[in-house]
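# Survey of secondary and tertiary structure
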Amino acid sequence: IRHAQAAQDWNRAARLLSDQWLGLYLDGQAATAHELLQGFPAHVAADAELTALRAADELNRGSLDEAERHLALATEELAPRTAHERASGAPRGEREARRTAPSSFTVDWRGRFQVELAILRMFLARQRGDLPAVAEETQRLLSRPADAGQLTRDADLRAVSLISLGVAEMRAAQSEQAEQHLKQGVAQARRIGRPYLELTGLTHLVPPGVVPSHRRGERRSRQAIELAERHGWSDEPITGVACTHLASALTIQGRLDEAEPWLDRAQRTFQAEVEPAAGMTLHWARGGIAMARGRHQEALAAFRAGGQLAKLLVTAQADAARMRASELQALVRLGESAGVEAALAAMDPSGRATGEMCIVLAELGLAKGDPRAATAALAPVTDRGFISGVHPIWVIEALLLAVIAYDAIGDGAAAGHVLERVLDLVGPEAALLPFLLHPAPGLLERHARHCAAHAALIVSILDVLGRGRKPEAPPGEQGHLLEPLSKGEIRVLRYLPTSLSVPEIADELYLSENTVRTHTRHIYRKLGAHRRRDAVERARVLDLLAPSPRGR
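All figures in this text were calculated on a predicted structure; none of them were measured in a lab. (Residues numbered from 1 in each chain as written. Predicted model: local features only at pLDDT ≥ 70, side-chain atom pairs only at ≥ 80, totals over all residues. Heavy atoms only, no water.)

Before going further, it helps to spend a moment on the packing of aromatic side chains. Taken as a whole and judged by the stated rule, the model has four aromatic pairs. When the centroid spacing of 5.9 Å and the interplanar angle of 55° are considered together, the rings of Trp10 and Phe40 count as tilted. Of this pair, Trp10 sits in helix 2 (residues 10–26) while Phe40 sits in the loop between helix 3 (30–38) and helix 4 (48–61), placing them 30 residues apart in sequence. Neither Trp10 nor Phe40 differs from the other in exposure class; each is buried. (Phe/Tyr/Trp six-rings, centres within 6.5 Å; stacked < 30°, edge-to-face > 60°. Helix = DSSP H or I, 4+ residues; strand = E, 2+ residues; numbered from the N terminus. Buried < 20%, exposed > 50% of the residue type's maximum accessible area, 1.4 Å probe, protein only.)

So this is what it looks like as structure tokens:
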């Protein structure tokens with residue numbers, strides 16, 4: 001291509017670049033394609049193929065409107081010629097007549113160019129989250145008759161079509177179909193030796209919003225990042241998307257310290273406008289971490305930035321509503337209750353009745369010291385257990401707010417019952433972010449007796465809340481103990497506030513009963529206690545366990 005450009009054989013250079021651009025894209029060499037495209041002078045800019053390639057270039061740079069404009073121009077340049085030829089039988093124009101060499105992908109220039117335009121329409125629709133358009137273009141590409149002379153081209157098209165369809169389906173929360181198509185696309189990419197395309201598929205093989213998938217999503221994101229690093233693509237935008245998905249999974253699990261460096265890395269490697277769906281995920285995770293740490297102004301800015309990106313997507317109404325709800329929650333915490341009430345009043349009834357807005361209303365009620373208003377707002381969730389279309393992490397948050405509200409009005413039985421439902425939903429995947437957003441001191445300890453089956457999970461939650469970390473500090477930092485606690489003793493100590501018996505604690509920790517009893521005796525001695533209750537109270541005084549609930 002560079003030789004043709006040096007010889008100013010612009011038609012040949014344009015044809016060669018048009019033939020090769022998809023391969024460059026599939027190999028992660030979009031920057032090379034951009035450089036080559038810049039090598040054409042202005043007077044050949046009207047070339048239909050170059051116009052199409054400019055659409056691809058704008059897509060890679062995140063200029064979706066410009067990409068659509070160039071794509072429309074390329075399509076228009078093809079269509080009138082076809083109509084004219086059908087009407088008059090006139091020969092091709094002089095520029096087309098010079099296309100004598102067969103394409104490396106197909107001998108039919110027109111058919112090849114139509115395929116090129118279909119691919120670009122598919123990419124544009126994918127970045128905009130327009131699943132129906134992606135499905136239409138994918139069907140058009142996959143239903144093409146196979147060309148025995150172009151097996152490589154057909155294999156590429158099948159892989160990229162399946163992955164594009166899977167990405168759009170995943171963003172539309174059709175995770176089962178998405179997994180099937182993405183796995184097929186990844187397998188095809190491996191077979192044809194396209195590791196960058198494989199990376200693209202793996203990066204998006206992370207179902208959003210499905211609680212049982214968070215740890216699976218973490219594993220898959222790490223797998224994608226490892227693949228990228230193995231090929232030297234650590235700073236590629238697609239790797240930044242994988243880092244974003246990993247950070248989101250870690251954030252939902254409450255592992256905020258681990259999540260933040262991945263978000264920083266993601267922000268360095270991709271522009272949110274290029275991948276607006278991933279950009280929304282990045283801003284949501286940023287806002288969630290800031291909210292959990294009490295940085296509400298920072299959270300507000302993140303949620304508003306995510307809401308702006310939602311405007312770039314065709315099917316982002318649900319995501320936009322969630323960002324708006326998060327923004328209102330941040331405003332409640334900033335003391336802007338009047339503004340939030342005004343915003344809610346301005347909504348139509350259907351918008352105000354969504355699950356996300358139920359949570360906003362509940363936060364508003366609790367902030368105003370009206371827990372009964374909070375329980376009333378959450379009735380759709382507590383009575384029916386789920387609202388169609390609501391992100392599962394929001395269901396957990398809604399139920400946790402209901403627990404807090406019931407606890408505040410003194411209805412311990414209702415609080416304990418709903419807390420069991422919360423812990424059932426949290427499950428072994430440990431979707432613990434809601435507990436960080438609404439820590440409610442002493443809540444878990446007060447109602448732990450209702451949730452004996454979840455004792456180990458309660459201990460994990462307390463750890464995440466930072467209440468169980470201090471015992472891990474060096475012995476000199478453990479307060480006025482008679483003797484530092486060992487790691488084994490610390491593990492047993494965390495179970496003493498629960499109602500579990502010694503055999504049950506042994507089962508939870510995979511220890512023998514004798515070992516648990518030995519650790520317990522040592523804990524009593526080191527704390528200067530003679531009974532389990534005394535040991536727990538003493539540990540609380542030393543800040544080794546969560547403080548004793550008071551005044552609630």
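Glancing now at the pattern of salt bridges. Applying the stated criterion to the full structure yields 33 salt bridges. Ionic pairing is found between Asp57 and Arg61, a salt bridge with its closest N-O pair at 3.7 Å. Remark: Arg61 and Asp57 occur in helix 4; sequence separation between them is four residues, near one turn of the helix. Residue class for Asp57 comes out buried when judged on its relative accessible area of 8%. Overall, Arg61 belongs to the partly exposed group, its relative accessible area being 47%. Arg220 is paired through a salt bridge with Glu179; the nearest N and O atoms lie 3.2 Å apart. Separated by 41 residues along the polypeptide, Arg220 in helix 12 (residues 214–230) and Glu179 in helix 10 (residues 175–191) bring together distant segments of the chain. Through salt bridges with shared partners, a single ionic network connects Asp257, Glu260, Arg293, Arg295 and Glu298. (Salt bridge = Lys/Arg side-chain N within 4 Å of Asp/Glu carboxyl O.)

Another point: helix 10. Because each turn of an α-helix spans 3.6 residues, side chains separated by three or four positions in sequence point in the same direction. Counted at 1.5 Å a residue, the expected span for helix 10 with its 17 residues is 24 Å, and the 24 Å between its end C-alpha atoms agrees. Along helix 10, the residues classified as buried are Ser175, Ala178, Glu179, His181, Leu182, Gly185, Val186, Gln188 and Ala189. Just downstream of helix 10, Gly193 is the residue with a positive phi angle, here 70°. (Expected span 1.5 Å × (residues − 1).)

This next bit is on the packing of helix 15 (residues 276–292) against helix 16 (residues 296–310). Closest axis-to-axis distance for the helix 15/helix 16 pair is 8 Å, and the angle between their directions is 165°. Judged by the angle between their axes, helix 15 and helix 16 are roughly antiparallel. Seen along the crossing, helix 15 lies across helix 16 with a hand that is left-handed. Residues Pro276, Gly279, Met280, His283, Trp284, Arg286, Gly287, Gly288, Ala290 and Met291 of helix 15 pack against His296, Glu298, Ala299, Ala302, Phe303, Ala305, Gly306, Leu309 and Ala310 of helix 16. When its residues are assigned to classes, the contact of helix 15 with helix 16 shows eleven nonpolar, six polar and two charged. (Axes fitted to C-alpha atoms, helices over the stretch in contact; angles between N-to-C directions. Parallel < 35°, antiparallel > 145°, perpendicular 65-115°, else oblique. Left-handed = near helix turned anticlockwise from the far one by under 90°. Contact = heavy atoms within 4.5 Å. Nonpolar A, V, L, I, M, F, W, Y, C, P; charged D, E, K, R; others polar.)

Let us look at the environment of Gly287. Tracing the chain through its elements places Gly287 in helix 15. Sequence spacing of Gly287 and Gln297 is ten residues, and the spatial spacing of their C-alpha atoms is 9.3 Å. If we ignore the near neighbours within four places in the chain, the residues touching Gly287 are Ala299, Ala302 and Phe303.

Attention shifts here to the packing of helix 3 against helix 4. At a minimum axis separation of 10 Å, helix 3 and helix 4 run at an interaxial angle of 135°. On the basis of their axis angle, the class for helix 3 and helix 4 is oblique. Relative to helix 4, the crossing made by helix 3 is left-handed. Between helix 3 and helix 4, the residues in contact are Ala30, His34 and Leu37 and Leu50, Leu53, Arg54, Asp57, Asn60 and Arg61, respectively.

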